[in-house]
Amino acid sequence: MAGINVASLTAEFIGTFILIFTVGCNVLSSNPVWGGVSIACSLMVGIYALGGVSGANFNPAVSAALGMSGKMPWAQVGAYCGVQVVSGIVASLCYTTLFGANFNLGPTKGFGWWQAMLCEMLYTFMLCFVVLNTAASKKLGGNNQFYGLAIGFVIVAGAYGPGAVS
């Protein structure tokens, strides 16, 4: 796993930016058919392009999971999470500027907060579980090329499964 340096922090910023910008563009362009695939593909290519530089976490939940599993030092978890949050804010400002609109996060009409939270928790767990068992696995990590695809497919599942809820 990469340490804390300019290259790894820049890679986390770029990968997180691409992911969040893609999410925002898909939501604001009302792209329900291919939006999930688009988001998953942006994550997958980011993982393949930047994984060797930073580990390609691109999500504070993934960084925290790597910290809790002992696969990443907590100082690095904190640095990555900080960069990921800043990158997400910058990406949201960019898609808001591009579209002249933004959106609120929350449950869709007909669903409550507890339902949206349950879906988000389950699919965030699935994402972290797949990352820990493919890209960060002692047995498989660095010895396979399917991890980016497996992680991307978690996003597909999350987009089309509970995507109507939150």
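These figures come from a predicted structure and were not determined experimentally. (Residues numbered from 1 in each chain as written. Predicted model: local features only at pLDDT ≥ 70, side-chain atom pairs only at ≥ 80, totals over all residues. Heavy atoms only, no water.)

Engineer: Just to check I follow, could you spell out the overall build of the protein for this structure?
Structural biologist: On a plain count of helices and strands, the protein comes out with six helices and zero strands. Against the compact-globule benchmark of 15 Å for 166 residues, the protein has a radius of gyration of 16 Å, which places it among compact chains. With the C-alpha coordinates of the protein rotated into their principal frame, the extents come out at 40 × 30 × 25 Å. Looking at the protein as a whole, 37% of its 166 residues qualify as buried. On the protein, roughly 8900 Å² of surface is accessible, and the fraction owed to carbon and sulfur atoms is 71%. (Helix = DSSP H or I, 4+ residues; strand = E, 2+ residues; numbered from the N terminus. Rg over C-alpha atoms; globule rule 2.2 N^0.38 Å. Buried < 20%, exposed > 50% of the residue type's maximum accessible area, 1.4 Å probe, protein only. Areas by Shrake-Rupley, 256 points an atom, 1.4 Å probe, with all protein chains shown as cover.)

Engineer: Help me understand the packing of aromatic side chains in this model?
Structural biologist: When we look at a pair of aromatic rings, we describe it by the centre distance and by the angle of the planes. Under the defined criterion, the tally for this structure stands at five aromatic pairs. Pairing Tyr48 with Tyr147 gives two aromatic rings, centres 5.6 Å apart and planes at 55 degrees, and the pair type is tilted. Of this pair, Tyr48 sits in helix 2 (residues 35–54) while Tyr147 sits in helix 6 (residues 147–160), and the two are 99 residues apart along the sequence. Under the relative-accessibility criterion, Tyr147 is labelled buried at 16%. (Phe/Tyr/Trp six-rings, centres within 6.5 Å; stacked < 30°, edge-to-face > 60°.)

Engineer: I would appreciate a short explanation of the nonpolar core in the present structure.
Structural biologist: The nonpolar side chains of soluble globular proteins are, as a tendency, buried together. With 27 residues, the main nonpolar core has Leu43, Ile47, Phe58, Val62, Leu127, Ile151 and Ile155 as its most contacted residues. For this core, the secondary structure elements donating two or more residues are helix 1 (6–28), helix 2, helix 3 (60–68), helix 4 (74–99), helix 5 (113–133) and helix 6. With sequence-adjacent residues up to four places away left out, Phe58 is seen in contact with Ala11, Glu12, Gly15, Thr16, Leu19, Leu43, Gly46, Ile47, Leu50 and Gln84. (Core = buried A, V, L, I, M, F, W, Y, C linked by side-chain atoms within 4.5 Å. Contact = heavy atoms within 4.5 Å.)

Engineer: Sorry, what's going on with the packing of helix 3 against helix 5 here?
Structural biologist: Angle between the axes and distance between the axes: these two values describe a pair of packed helices. At their nearest, the axes of helix 3 and helix 5 sit 9 Å apart, and the two run at 50 degrees to each other. Relative to helix 5, helix 3 is oriented oblique. Of the two elements, helix 3 crosses helix 5, and the hand of that crossing is right-handed. Across from Ala61, Val62, Ala65 and Leu66 in helix 3, the residues of helix 5 making contact are Thr124, Leu127, Cys128, Val131 and Leu132. (Axes fitted to C-alpha atoms, helices over the stretch in contact; angles between N-to-C directions. Parallel < 35°, antiparallel > 145°, perpendicular 65-115°, else oblique. Left-handed = near helix turned anticlockwise from the far one by under 90°.)

Engineer: Sorry if this is basic, but what is going on with the state of the cysteines here?
Structural biologist: Each disulfide consists of one covalent bond between the sulfur atoms belonging to two cysteines. Scanning all chains against the criterion turns up zero disulfides. Cys94 takes part in no disulfide bond, and the closest cysteine sulfur, belonging to Cys25, lies 9.3 Å away. The class of Cys94 is partly exposed, set by a relative accessible area of 32%. Here Cys119 stays unpaired: no disulfide links it, and the sulfur of Cys128, its closest cysteine neighbor, is 16 Å away. When its relative accessible area of 16% is taken as the criterion, Cys119 is described as buried. (Disulfide = S-S within 2.5 Å.)

Engineer: Help me understand helix 1 in this model?
Structural biologist: Residue pairs spaced three or four apart in an α-helix point in one direction, given the helix's 3.6 residues per turn. The terminal C-alpha atoms of helix 1 lie 32 Å apart, and with 23 residues this matches the ideal 33 Å at 1.5 Å per residue to within 8%. Those residues of helix 1 that sit buried are Ser8, Ala11, Glu12, Gly15, Thr16, Leu19, Thr22, Gly24, Cys25, Asn26 and Leu28. As for helix 1, its buried residues are in contact with helix 2 and helix 4. Where helix 1 begins, the capping side chain belongs to Asn5, and its oxygen is found 3.1 Å from the backbone nitrogen of Ala7. Just past helix 1, the residue Ser30 takes up positive phi, approximately 50 degrees. (Expected span 1.5 Å × (residues − 1). Polar contact = N/O pair within 3.5 Å; in protein donor to acceptor, adjacent residues only side chain to side chain.)

Engineer: What's the story with the packing of helix 1 against helix 2 in this structure? I'm lost.
Structural biologist: At a minimum axis distance of 9 Å, the contact between helix 1 and helix 2 shows a crossing angle of 175 degrees. Considering the angle they form, helix 1 stands roughly antiparallel to helix 2. Of helix 2, the residues touching helix 1 (which contributes Ala7, Ser8, Ala11, Glu12, Ile14, Gly15, Ile18, Leu19, Thr22, Val23 and Asn26) are Gly35, Ser38, Ile39, Ser42, Leu43, Leu50, Val53 and Ser54. Class assignment for the residues of the contact of helix 1 with helix 2 results in 10 nonpolar, eight polar and one charged. (Nonpolar A, V, L, I, M, F, W, Y, C, P; charged D, E, K, R; others polar.)

Engineer: Sorry if this is basic, but what is going on with a nonpolar patch on the surface here?
Structural biologist: On the surface, a nonpolar cluster with roughly 290 Å² of combined accessible area is contributed by Tyr48, Leu149 and Phe153. Overall, Leu149 belongs to the partly exposed group, its relative accessible area being 40%. (Patch = residues over 30% accessible without salt bridge, like charges linked within 9 Å, V, L, I, M, F, W, Y side chains within 5 Å. Salt bridge = Lys/Arg side-chain N within 4 Å of Asp/Glu carboxyl O.)

Purely geometric stuff here, so don't read any function into it on its own.
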